[in-house]
Structure formats: C-alpha cells, structure tokens
Amino acid sequence: MAAPPCWHILGFGAIGRLWACHLARAGVSVSPVLHSAERLRTYPGHVTLCTDAGEAHFTLPGELATANTPIQQLLVATKSYATEAALAGVAQRLAPKAPIVLLHNGLGPQQRVADAFAEHPVYAGTTTEGAYRDGGERLVHAGRGSSFFGPLNARARETGEAALEPLLTLPLEAHYDPAILHRLWQKLAINAAINGLTAVHDCANGELARHPEYREAMAQLCQETEELACRLGQPLFETPLFDQALKVAEATARNYSSMLQDVRGGRPTEIDAINGYLCREAERQGLALPAHQRLLEAVRARHPNHHGD
Ligand code: PAF
C-alpha cells in the first residue's frame, strides 16, 4: 500500500508541533516548513513531546518554503498576523486541490485565504489544547483540550471531512463541525474579552474576574461583542457572553493569556485579528465599539511594531 501523503506544517510553534508529533506517532510523514535558512541550520530535526505519560521523541525533518517538493496537505499553525505571508511563500508548491487547514486565533485571515485559494478546500480549526515550548525542541503538552475543524469555502464543503483524515482520528480530541464559523466566533468573543485586558494590565486571567475595575471592563467588552454579533445575525452562546468569559477566566485563573505572553516576549500580538476584527466589522455596520477600540489602541501602544492582520 502506498504511504499516506506527507502533511506539511507551516508555523512550528507549540500548536504546530503538537499536531506534528501526533501525526508522526500515527505513522504519517510530517515536514515542518521553517521560516529561515538560519532556523533550518539550528533545528536538530526532531522534537521531544513531554506528557504525563513521559517523553517521546519524533524525527521531523525540516525544510524551507523554497524547497521544490509539492505540498499535498498543509496545516498552517502560524500566529494570525503571519498566516497570509507564510502561505504566499509556499503557494506555488501546493498540489492541485491540496487541502489547507488554518489553525489560529481570531478572524479575518481565514476568510481571505478561503477566497484567495478558492480552488483548494480551505478549512479552519480552533483548539483549546494547552502546549508550550520548554526551551530548545521540547514541547510540553500541559493541558488536554478539544479541537474542531470545519470547511471555510465551497471546495471544502464539497470535499467534506475526508480531506482532514487523519487530523480527526489522532488521540487528541478533535471533531468535524460543518458550522465552524460559529465556533470561531465563540473563541473570538472569549479571546476579545480576556486576552487584551490581561495584556494591558499584565495580569493572570483570574485577576479579571477578581478585580472590580477589570471585571467591569470585561463586561463592557462582552456587551459590545454581543451587540455586534446580534447585528450580524451571528449566534454566540446560549448564556450571556460575560458569564462564559468569567467562567473561562476563572477556570484558567493562574494562566497568562497568549497575548500577555506575546507582549512579555516582545512579540507582535494577535490583537488585530481579535478586537481589531470586531472593530472593523462594527464599522461596516455603522456601529461604534468604544471599549474594543480603546483596548485595541492600548495593546498596539504596548507593541508599536504590531502587524496589521
Ligand atoms: O488565548 C488564550 O490565552 C486562551 O485562549 C484564553 C483561555 C482565552 C486565555 O488564556
């Protein structure tokens, strides 16, 4: 039997590595596409996955975007602001109808990629898996979560979930959801209530629930998000968004949001694809979202070299 085609992984951070290790463990060949010749030179070609069950080592030979092998299947796990440029760098290598799977926070890039690559089935995913890099090539899978993948364009709706095999059958809890936009909006609404505030106040998620002033700011953000979602006819949760956001802040009380980690690490943040996305959608509707706008500006001020989405 012919070996299953390779999955190329663009964006080799914690989430990209987590999927790469699990694909490799399932016997699928995986090729991380690294962003520079310097990175390829220092990358040892393997990753160690650390879980409660111990450590496992996976050989994952890296390559550059300029390699010339065709890409049959592509998982893009970059940060939202890097997705489109990273994809443009490998576009000429995509085999006809190669599925593209986008796995990042926020909204904006997904729709543009789905339109720009209309000949390819384009899917989006959202995950609550918790993983972080622990120096060098070690990846710690710290918190088990769940993931959903679903179609973004007509070609993906026609193709259905078959193109996502084996992403859906790994020992990570992953499901196919044809209404993926709803899930992306739910994640966006939670991220928009938590991440920017923690970045500006330099606090753990739980502080937002405890501190009256931060809690009030979170309530305002949630109310504005709900107003926009309602205007767009976009359902969110069955219970108020603020209750959901509080629940997440409390459940992850000691965690530092991904955006705060980016600010602390001096990296660009995903604010433009989160609160920025909401502000742009609101503007199209003639709606003002002052709390999101203020937060957007405050986070941008913390990282002046932010990338637009
Ligand atoms: O982006 C994040 O950090 C997380 O999704 C969450 C739970 C919203 C905040 O820690």
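So, how was this worked out
Residues numbered from 1 in each chain as written. Predicted model: local features only at pLDDT ≥ 70, side-chain atom pairs only at ≥ 80, totals over all residues. Heavy atoms only, no water. Pairing = 2+ DSSP bridges. Helix = DSSP H or I, 4+ residues; strand = E, 2+ residues; numbered from the N terminus. Near = heavy atom within 4 Å. Polar contact = N/O pair within 3.5 Å; in protein donor to acceptor, adjacent residues only side chain to side chain. Axes fitted to C-alpha atoms, helices over the stretch in contact; angles between N-to-C directions. Parallel < 35°, antiparallel > 145°, perpendicular 65-115°, else oblique. Contact = heavy atoms within 4.5 Å. Nonpolar A, V, L, I, M, F, W, Y, C, P; charged D, E, K, R; others polar. Domains from an automatic or database assignment. Buried area = accessible area lost by both parts, 1.4 Å probe. Salt bridge = Lys/Arg side-chain N within 4 Å of Asp/Glu carboxyl O. 1 Å grid on protein atoms, 1.4 Å probe; cavity = no way out; pocket = protein on both sides within 12 Å on 5 of 7 lines; lining within 4 Å. Points joined across faces, edges and corners; volume = space filled by probe spheres on them. Buried < 20%, exposed > 50% of the residue type's maximum accessible area, 1.4 Å probe, protein only.

1. Section: the pairing of strand E10 (residues 138-143)
Okay, so step 1: Here strand E3 (residues 46-51) pairs with E10 via three bridges, running parallel. In the sheet register, Thr48 faces E10, and the bridge partner there is Arg138.
Okay, so step 2: Alignment of strand E9 (residues 130-133) against E10, held across four bridges, turns out to be antiparallel. Along E10, the bridge assignment pairs Ala131 with His141.

2. Topic: the site of the ligand
Okay, so step 1: Near the ligand the following residues occur: Asn105, Lys187, Asn191, Ile194, Asn195, Asn205, Val248, Ser257 and Ser258.
Okay, so step 2: In the environment of the ligand, an oxygen atom lies 3.2 Å from a nitrogen or oxygen atom belonging to the side chain of Asn191.
Okay, so step 3: Here an oxygen atom of the ligand and a side-chain polar atom of Asn205 are 2.7 Å apart.
Okay, so step 4: Ranked by residues supplied to the shell around the ligand, first place goes to helix H6 (residues 180-201) with four residues.

3. A closer look at unusual backbone geometry
Okay, so step 1: With an omega of 10°, the peptide bond running from Glu165 to Pro166 counts as cis.
Okay, so step 2: By secondary structure assignment, the location of Pro166 is in the loop between helix H5 (154-159) and strand E12 (173-176).
Okay, so step 3: Non-glycine residue Lys97 carries a positive phi angle of around 65°.
Okay, so step 4: With a phi close to 50°, Asp202 is a non-glycine residue in the positive phi region.

4. What to know about the packing of H6 against helix H11 (residues 275-284)
Okay, so step 1: Orientation of H6 relative to H11, taken along the N-to-C sense of each, is 110°, at an axis distance of 9 Å. Relative to H11, the element H6 is oriented roughly perpendicular. Counting all contacts with H6, which are made through Trp185, Leu188 and Ala192, the residues of H11 involved are Asn275, Tyr277 and Leu278.
Okay, so step 2: When the residues that make up the contact of H6 with H11 are grouped by side-chain class, the tally is five nonpolar, one polar and no charged.

5. Quick word on the domain arrangement of the protein
Okay, so step 1: Splitting the protein by domain gives domain 1 (7-177) and domain 2 (182-302).
Okay, so step 2: Relative placement of domain 1 and domain 2: their C-alpha centres are 25 Å apart.
Okay, so step 3: On the side of domain 2, 14 residues touch domain 1, which itself brings 18 residues to the contact.
Okay, so step 4: Of the roughly 1,400 Å² buried at the junction of domain 1 and domain 2 (both faces included), carbon and sulfur atoms supply 55%.
Okay, so step 5: Per-residue buried area on domain 1 facing domain 2 is highest for Tyr81, Asn105 and Leu107; these three make up 44% of the total on that side.
Okay, so step 6: Where domain 1 packs against domain 2, one counts two salt bridges.
Okay, so step 7: Where Asp262 meets Lys79, a salt bridge forms, and the shortest distance between an N and an O atom there is 2.9 Å.
Okay, so step 8: For the pair domain 1 and domain 2, the number of links is eight residue pairs in polar contact (both at pLDDT 80 or more).

6. Topic: the pairing of E3
A regular strand carries its side chains on alternate faces of the sheet.
Okay, so step 1: For E3 and strand E4 (residues 54-59), the ladder comprises six bridges, and the chain directions are antiparallel. Considered in E4, the bridge of Val47 is made with Phe58.

7. Points about the sheet that holds strand E2 (residues 30-34)
Okay, so step 1: An order of E5-E2-E1-E6-E7-E8-E11-E12 is seen for the eight strands of this open sheet, with the pairing classed as mixed. On the outer flanks of this sheet lie strand E5 (63-64) and E12, each paired with one strand and no other.
Okay, so step 2: Strands strand E1 (7-10), E2, strand E6 (73-76) and strand E7 (100-103) of the sheet are contacted by helix H3 (residues 83-90), whose axis makes an angle of about 155° with E6.
Okay, so step 3: H6 rests against strand E8 (122-127) and strand E11 (146-151) of the sheet, and its axis sits at about 40° to E8.

8. Here we look at empty space enclosed by the protein
Okay, so step 1: For the structure on display, the rule yields one cavity of 30 Å³ or more.
Okay, so step 2: One number sums up the size of the largest cavity: a volume of about 30 Å³.
Okay, so step 3: In terms of lining residues, the largest cavity is bounded by His104, Asn105, Gly106, Gly125, Thr126, Leu184, Lys187 and Leu188.
Okay, so step 4: At the level of secondary structure, the elements contributing two or more residues to the lining of the largest cavity comprise E8 and H6.
Okay, so step 5: The element best represented in the lining of the largest cavity is H6, accounting for three residues.
Okay, so step 6: For the lining of the largest cavity, the residue count by class is two nonpolar, five polar and one charged.
Okay, so step 7: Viewed by domain, the lining of the largest cavity spans two of them, domain 1 (7-177) and domain 2 (182-302), each represented by three or more residues.

9. Some remarks on the pattern of salt bridges
Working definition: two side chains of opposite charge can pair if their charged atoms are close together.
Okay, so step 1: Under the counting rule described, the total for this entry stands at 16 salt bridges.
Okay, so step 2: With a shortest N-O distance of 2.5 Å, Arg284 and Glu281 are connected by a salt bridge. Here Glu281 and Arg284 lie together in helix H11, a separation of three residues that amounts to about one turn.
Okay, so step 3: Look at Arg284 and you get exposed, because its relative accessible area is 61%.
Okay, so step 4: A single network of salt bridges, built from pairs that share partners, joins Arg17, Arg39 and Glu137.

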